Structures are given as structure tokens and as C-alpha cells.
Amino acid sequence: KYAGPGGWNDPCLLLSRTWSGQQRMTELQTRAQFSMWAVLAAPLLISGSVLNMTAETLTTYSNKEVIAVNQDVAGHQGWRIQGGALAESAGNIWAKPLSDGSFALVFLNVGTEELKLTCDENCFASLGFNPSELLTLRDLWAHAPLADVRPKDHLVAQLPPAG
């Protein structure tokens, strides 16, 4: 609603490591934060020196597919389509419309236990998809396609704690 070309929300710096290389978050938490910043169309400002980051952190921060979601030319900010305030609800699904008509989805678990999140028919309907429409999916972290799904069949993600 408030972000777009000419003005961006800034939830702050990406916090993976300090300037000296001390770990602030796990690699999984780093990836989750980077995913959220991408969907929020937030500036991707790193809080530490790239010279002191692990290879895994550098791989996260240089994922071209996730950066493309963040930098999508339409400049839309994503929104929560399922779940509640993160302090009250461990599981959330966020969506961001992209300029080619597709959507980027982030399944997020901020809880301390493994969690199964489901984007069901209503979840997909909130994005304008009809129940029998065939959707092509891609995992941007694995750089690989997922099985196609119809909203009536649901998309389920099993998420580790804090990921």
C-alpha cells in the first residue's frame, strides 16, 4: 500500500553477521529474513562485511532469483495472505505480485517447533486463482521447479523451526 517506485519501506538492515564476522542469526534465519525483505520490496542492506561472511551467507545474499523478486520492476510490496501477527502466530504465508503476472510466496515459521503450513483453496483465491487452475511453481532457494499444483489440491510446506 505504501511502498513502490519512488518510496520504499525500510524494515532495517539484514542482520546475519557483524562487521567482524560474528554470527547474529542462523543460516536458516538469514535465509528467512532475506526472503521477507524480498517480498516486502525492502532495501537489501547488509549489516556486516562481505569479507567476513560464510560461503552459505554469501550464497543467500547473492541468490539472483530472490533478488529478482525484490527488484521486480512493478515495485509492489507483498502482504500477508495467511497467519497473524508474528508475535502471536508462528506461521505466515506472504505474497508479492510480480510484473509478469505471477506471484512470489514466502512460507515463514518464526516458531520454535517444526510447522506445516498449507496454502489452500481460500489462500489461492485471495490471489485471484480459481480452484482448478494449474499453477507452475518454483523453489527459488533450490533453483528448481516444484510439482504443478491446483489450488483445490493445496500447497503444503513442512518448515523447520525459525525458518
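Note that the structure is a prediction, hence the values are computed from the model and not measured. (Residues numbered from 1 in each chain as written. Predicted model: local features only at pLDDT ≥ 70, side-chain atom pairs only at ≥ 80, totals over all residues. Heavy atoms only, no water.)

J.: Could you clarify how one ought to interpret the sheet that holds strand E1 (residues 79–82) in this entry?
T.: By definition, the strands of a sheet pair up through backbone hydrogen bonds, in either a parallel or an antiparallel sense. Read from one edge to the other, the open sheet built from three strands follows the order E1-E2-E3, with strand pairing classed as antiparallel. The open sheet terminates on both sides in strands that have one partner only, identified here as E1 and strand E3 (103–109). In this sheet, adjacent strand axes meet at a mean angle of 35 degrees when their direction is disregarded. Sheet topology note: the E1/strand E2 (residues 91–97) ladder contains three bridges and is antiparallel. In the strand pairing of E2, Gln 82 is matched with Ile 93. Its contacts with the sheet put helix H1 (residues 27–39) on E2 and E3, and the angle it makes with E3 is roughly 145 degrees. (Pairing = 2+ DSSP bridges. Helix = DSSP H or I, 4+ residues; strand = E, 2+ residues; numbered from the N terminus. Axes fitted to C-alpha atoms, helices over the stretch in contact; angles between N-to-C directions. Contact = heavy atoms within 4.5 Å.)

J.: Looking at this model, I keep getting lost on unusual backbone geometry. Mind explaining?
T.: Where the residue is not glycine, phi is negative for most of them; where a peptide bond is considered, it is trans in most cases. Unusually for a residue other than glycine, His 143 sits at a positive phi of about 55 degrees. Here His 143 shows up in the loop between strand E5 (138–139) and strand E6 (144–145). Look at His 154: it is not a glycine, yet its phi comes out positive at around 75 degrees. Since its relative accessible area comes to 34%, His 154 is described here as partly exposed. (Buried < 20%, exposed > 50% of the residue type's maximum accessible area, 1.4 Å probe, protein only.)

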